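Letter by letter, the chains look like this.
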Amino acid sequence: MEVSDMRIQVARSSDRPADKVVIEKLHKTYLTSSGRTVALQDVNLTIGKDEFIALVGPSGCGKSTLLRAISALIKPSKGRILIDGTPLTSPSNQVGIVFQQAVLLPWRTVLDNVLLPAEVLRLDLTKARVRARELLNMVGLSGFEARYPGELSGGMQQRAAICRALIHNPSMLLMDEPFAALDALTREELGLELLRIWDVEKKTIVFVTHNISEAILLADRVVAMSPRPGRISEIISVELPRPRTLDMEFLPEFKSYSDRIRAVIGHG
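All values reported here derive from a predicted model rather than from experimental measurement.

Pairing is antiparallel in the open sheet, where four strands are placed in the order β3-β2-β5-β6. The two strands at the open ends of the sheet, each matched to only one other strand, are β3 (35–48) and β6 (86–87). When strand β5 (residues 78–83) meets β6, the two strands line up antiparallel, connected through two bridges. Each bridged residue has a counterpart across the sheet, and for Ile 83 the counterpart in β6 is Thr 86. Each of β2 (19–32), β3 and β5 is contacted by helix α1 (residues 63–70), which is oriented at about 120° to β2, the strand it contacts most.

For helix α7 (residues 252–265), spanning 14 residues, the distance from its first C-alpha to its last is 20 Å, which sits close to the expected 20 Å at 1.5 Å a residue. Buried within α7 are the following residues: Phe 254, Ser 256, Tyr 257, Ser 258, Ile 261 and Ile 265. Gly 266 occupies a position one or two residues after α7 and carries a positive phi of about 85°.

Along the chain, Pro 106 falls in the loop between β7 (95–98) and α2 (110–120). Residue class for Pro 106 comes out exposed when judged on its relative accessible area of 54%. Through-space distance from the C-alpha of Pro 106 to that of Pro 91 is 25 Å; in sequence the pair is 15 residues apart. Each residue touching Pro 106, except ones within four places of it in the same chain, is listed here: Tyr 148 and Pro 149.

Moving on, we come to the packing of α2 against helix α3 (residues 125–138). It is the contact of α2 with α3, at a shortest axis distance of 10 Å, that shows an interaxial angle of 130°. The angle between α2 and α3 falls in the class oblique. Taken as a pair, α2 and α3 cross one another with a handedness that is right-handed. Note on element contacts: α3 touches α2 through Leu 125, Ala 128, Arg 129, Ala 132, Arg 133 and Leu 136, opposite Val 110, Leu 111, Val 114, Leu 115, Ala 118 and Glu 119. Residue composition of the contact of α2 with α3, grouped by class: nine nonpolar, no polar and three charged.

Counting residues in hydrophobic clusters, the biggest one holds 53 residues, and the most contacted among them are Phe 52, Met 175, Leu 194, Ile 205, Phe 207, Ile 216 and Ile 261. Excluding its chain neighbours within four sequence positions, the residues that come into contact with Ile 216 are Val 222, Val 238, Leu 240, Arg 244, Phe 254, Tyr 257, Ser 258 and Ile 261. Counting residues in each nonpolar core, the second largest holds 25 residues, with Ile 53, Leu 55, Leu 67 and Val 206 among its members.

How each quantity is defined
Residues numbered from 1 in each chain as written. Predicted model: local features only at pLDDT ≥ 70, side-chain atom pairs only at ≥ 80, totals over all residues. Heavy atoms only, no water. Pairing = 2+ DSSP bridges. Helix = DSSP H or I, 4+ residues; strand = E, 2+ residues; numbered from the N terminus. Contact = heavy atoms within 4.5 Å. Axes fitted to C-alpha atoms, helices over the stretch in contact; angles between N-to-C directions. Expected span 1.5 Å × (residues − 1). Buried < 20%, exposed > 50% of the residue type's maximum accessible area, 1.4 Å probe, protein only. Parallel < 35°, antiparallel > 145°, perpendicular 65-115°, else oblique. Left-handed = near helix turned anticlockwise from the far one by under 90°. Nonpolar A, V, L, I, M, F, W, Y, C, P; charged D, E, K, R; others polar. Core = buried A, V, L, I, M, F, W, Y, C linked by side-chain atoms within 4.5 Å.

The values reported here are purely geometric and, on their own, carry no functional implication.
Quick look at the structure:
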């Protein structure tokens, strides 16, 4: 099969909606006891509004570092990040974050865990409770508002964590391997649930994963990164139709995307 037949291409800016995130010549160097570690080097990336981006690459390539830079949890050593055209200098309430572990507070109920960002941001709690219940209903947790995290499965806890990240209605959702600790069936179920949430909520999503099939199934574009120091090796536009389904993994096009990504990141 010719590459042109694989329907795999590097996306051009004209194919994307208006820019949400612009990353320019980003470098990140850590000082450690053994010297300097370059985590990211000369990273340039533009993410469109409401676009779903997946970051893939070998362990230690800087995927999570890049995500944390976009969230302003760490500061780049060089370069800059713009959100909606404004240079990012501190964490923004326009960003919601979901980590690999749900990190729910065990002494708070599900509803109270979801409401935590609203309390921190001093939002109207009456309105926030209404939104929290709507979000919990959307992810299938209606009726579990008064339960505690220890009473929930791992998948249910992660659903609650997604609701918590969305409670203040951010325009962007950053997700750092949010399904990695889950079993395969739950992971697939939550992947499809995330796509449904994304369609309803209309957010820009940046999703870090080691799972190539997951990246292809979810994303508009897959950003393949090189081994450390992390650079962007290739940006691959996924042209599979939406809504996506698990059956698409059996399509020849899906395998072509997978083979291409594996070749780029050295898993071939």
